[in-house]
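# Inside the fold
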Amino acid sequence: IYGRRIANTKISSPPVFILGHWRSGTTLLHEYMMLDKRYTFPDTYMCYCPTHFLLTQYFIRGLTSFLLPSKRPMDNVAFGWDRPQEDEFALCNLGAKTPYLNIAFPNHPPEYQEYLDMNGLSDQEIEEWKSHLMHFVQTLTVQDSRPLILKSPTHTGRVRQLLQIFPDAKFVHIHRDPYSVFPSTVNLWRRLTESQALQRPRNENLEEYVIENFKRMYRSYFESVGDIPKGQISEIGYQDLVDNPVGELQRVYRDLNLGDFEPVRDSFESYAQQMQRFRTNQFELSDEIRERIAQEWSFFIDCYGYTNEKSLAGTKLERVSS
């Protein structure tokens, strides 16, 4: 029904891509930016049902909402069909090769890790991946012609490919203390595979998986961030966003020329007040893991000035050791 219309749809306004490793605050940033009604975003239903949401969303959403959990399995963030979602799930459901397939089969050797940085892929493989992303963006544009805000941590190492598709795209990169990112990411994969896998997850070599993926993504990001033209990239620290959300978002809007900030100031301030009641999970790291992070991720730690702090606030919910 929509095939020809989707194929002929032109993307007149380049997307805004939110970049950053898992558990770095990409969802928080996405939740803020989606409050600006001058932009649109793919929600959970669109990402989970990318081949038919244009036809089915108006009746299946209401019929199935009661089946969904109210919160995500890995944290206290609200979940639902209408919540913003990672477009990587849409790519997965469209048949693109993606490391997210490992969620289904966590006991198999990791597959498609090269799609985290696109290194070692043939020209044909890269073009196939790009065509899946373009098709999804075109489908979203048929639904709503406003500029898109897209968020997927997996895009962090794909800057060159994203610029090839959308030369005028804008990027917001959010980074976070790696000593918080590591245990939270380990918990993320554990919780996702427990609830979503088609196997009973053994969680073997999970810490190694997290360490290597981080290095792969950020080496690619640092190699390609210089390709982004001036005025198309803004960086923000997670803690800065938590401490001063309105001020930091105003700076991002100014850096990227996203439009007049005043019409959205009240919405951002209201959401910031709600988030004061939100509590993140807290984890404890062994000295051995801390030292390994300091060594393996030193290039990232040095770039953003993070240190090996041992003080942790809040309840210790889980110990992550070697």
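I will try to describe carefully the structure that is included in this document. All figures in this text were calculated on a predicted structure; none of them were measured in a lab.

### So, the overall build of the chain
Secondary structure summary: the chain contains 14 helices and six strands in total. By the compact-globule yardstick of 20 Å for 322 residues, the chain fits well, its C-alpha radius of gyration being 19 Å. A principal-axis box enclosing the C-alpha atoms of the chain has dimensions of 55 × 45 × 45 Å. Counting across all 322 residues of the chain, residues that qualify as buried make up 52%. Across the chain, contacts joining residues at least 24 apart in sequence account for 78% of those joining residues at least 6 apart. Carbon and sulfur atoms form 47% of the exposed surface of the chain, whose accessible area is close to 15,300 Å². Within the chain, the 42 negative side-chain charges are centred at a point lying 4 Å from the centre of the 36 positive side-chain charges.

### Some details on the environment of Phe-182
Tracing the backbone shows Phe-182 in helix 8 (residues 178-196). Of the residues examined, Phe-182 reaches a relative accessible area of 0% and is grouped as buried. C-alpha separation for the pair Phe-182 and Ser-298, spaced 116 residues apart in sequence, amounts to 13 Å.

### Considering the sheet that holds strand 4 (residues 233-237)
Read from one edge of the open sheet, four strands run 2-1-3-4, paired in parallel fashion. Edge positions in the sheet fall to strand 2 (149-151) and strand 4, since each of these pairs with one other strand and no more. Taking the axes of each pair of neighbouring strands and ignoring which way they run, one obtains an average angle of 20° across the sheet. Relative to strand 4, strand 3 (residues 170-175) runs parallel, the two being bridged by five bridges.

### Some words on the side chain of His-30
Its location among the elements puts His-30 in helix 2 (residues 26-33). Residue classification places His-30 among the buried positions, given a relative accessible area of 0%. Sequence-distant contacts of His-30, defined by excluding residues within four places in its chain, comprise Ile-18, Phe-41, Pro-84, Gln-85, Ile-149 and Lys-151.

### As for the pairing of strand 1 (residues 16-19)
The alternating pattern of strand 1 places Val-16 and Ile-18 and Phe-17 and Leu-19 on opposite faces, both of which are buried. Across three bridges, the pairing between strand 1 and strand 2 is parallel. Bridge pairing links Ile-18 to Lys-151 in strand 2. Two elements, strand 1 and strand 3, share four bridges in a ladder whose sense is parallel. The residue of strand 3 that forms the bridge with Phe-17 is Phe-171.

### What about helix 6 (residues 123-143)?
Counted at 1.5 Å a residue, the expected span for helix 6 with its 21 residues is 30 Å, and the 30 Å between its end C-alpha atoms agrees. Burial in helix 6 covers these residues: Ile-126, Trp-129, Lys-130, Leu-133, Phe-136, Val-137, Gln-138, Thr-139, Leu-140, Thr-141 and Val-142. Tucked inside the fold, the buried residues of helix 6 contact helix 1 (3-7), helix 3 (44-48), helix 4 (53-64), helix 5 (87-93), strand 2 and helix 7 (159-165).

### Brief notes about the packing of helix 8 against helix 13 (residues 287-296)
One can describe the packing of helix 8 onto helix 13 by two numbers: an axis separation of 10 Å at closest approach and a directional angle of 115°. The hand of the helix 8/helix 13 crossing is right-handed. Contacts between helix 8 and helix 13 involve Pro-178, Tyr-179 and Phe-182 on the former and, on the latter, Ile-289, Arg-290, Ile-293 and Ala-294. Of the residues belonging to the contact of helix 8 with helix 13, the class tally is six nonpolar, no polar and one charged.

### Some remarks on the environment of Arg-202
Turning to its location among the elements, Arg-202 is positioned in the loop between helix 8 and helix 9 (206-224). Put simply, Arg-202 and Met-275 are 73 residues apart on the chain and 35 Å apart in space, counted from C-alpha to C-alpha.

### Thoughts on unusual backbone geometry
Glycine aside, a negative phi is what most residues show, and trans is what most peptide bonds show. Here the phi dihedral of Met-118 falls at roughly 65°; this positive angle occurs in a residue that is not glycine. As for its placement among the helices and strands, Met-118 is situated in the loop between helix 5 and helix 6. Exposure remark for Met-118: the relative accessible area of 4% places this residue in the buried category. A positive phi angle is found at Asn-203, which is not glycine, with a value near 55°.

### Notes on the nonpolar core
Among the nonpolar cores identified, the biggest contains 62 residues, and Phe-182 and Trp-189 are the most heavily contacted of them. With eight residues, helix 9 is the largest single contributor of residues to this core. Leaving out residues up to four positions away in the same chain, Trp-189 has contacts with Trp-22, Tyr-100, Ile-103, Leu-206, Tyr-209 and Val-210. Counting 24 residues, the second largest nonpolar core, distinct from the first, contains Val-246, Leu-249, Leu-256 and Phe-261.

### Section: helix 8
Spanning 19 residues, helix 8 covers 26 Å between terminal C-alpha atoms, matching the ideal 27 Å at 1.5 Å per step. Measuring from the side-chain oxygen of the N-cap residue of helix 8 to the backbone nitrogen of Tyr-179 gives 3.0 Å; that N-cap residue is Asp-177.

Here is what the cut-offs are and how they apply
- Residues numbered from 1 in each chain as written.
- Predicted model: local features only at pLDDT ≥ 70, side-chain atom pairs only at ≥ 80, totals over all residues.
- Heavy atoms only, no water.
- Helix = DSSP H or I, 4+ residues; strand = E, 2+ residues; numbered from the N terminus.
- Rg over C-alpha atoms; globule rule 2.2 N^0.38 Å.
- Buried < 20%, exposed > 50% of the residue type's maximum accessible area, 1.4 Å probe, protein only.
- Contact = heavy atoms within 4.5 Å.
- Areas by Shrake-Rupley, 256 points an atom, 1.4 Å probe, with all protein chains shown as cover.
- Lys, Arg positive; Asp, Glu negative; His and termini not counted.
- Charge placed at Lys NZ, Arg CZ, Asp CG, Glu CD.
- Pairing = 2+ DSSP bridges.
- Axes fitted to C-alpha atoms, helices over the stretch in contact; angles between N-to-C directions.
- Expected span 1.5 Å × (residues − 1).
- Left-handed = near helix turned anticlockwise from the far one by under 90°.
- Nonpolar A, V, L, I, M, F, W, Y, C, P; charged D, E, K, R; others polar.
- Core = buried A, V, L, I, M, F, W, Y, C linked by side-chain atoms within 4.5 Å.
- Polar contact = N/O pair within 3.5 Å; in protein donor to acceptor, adjacent residues only side chain to side chain.

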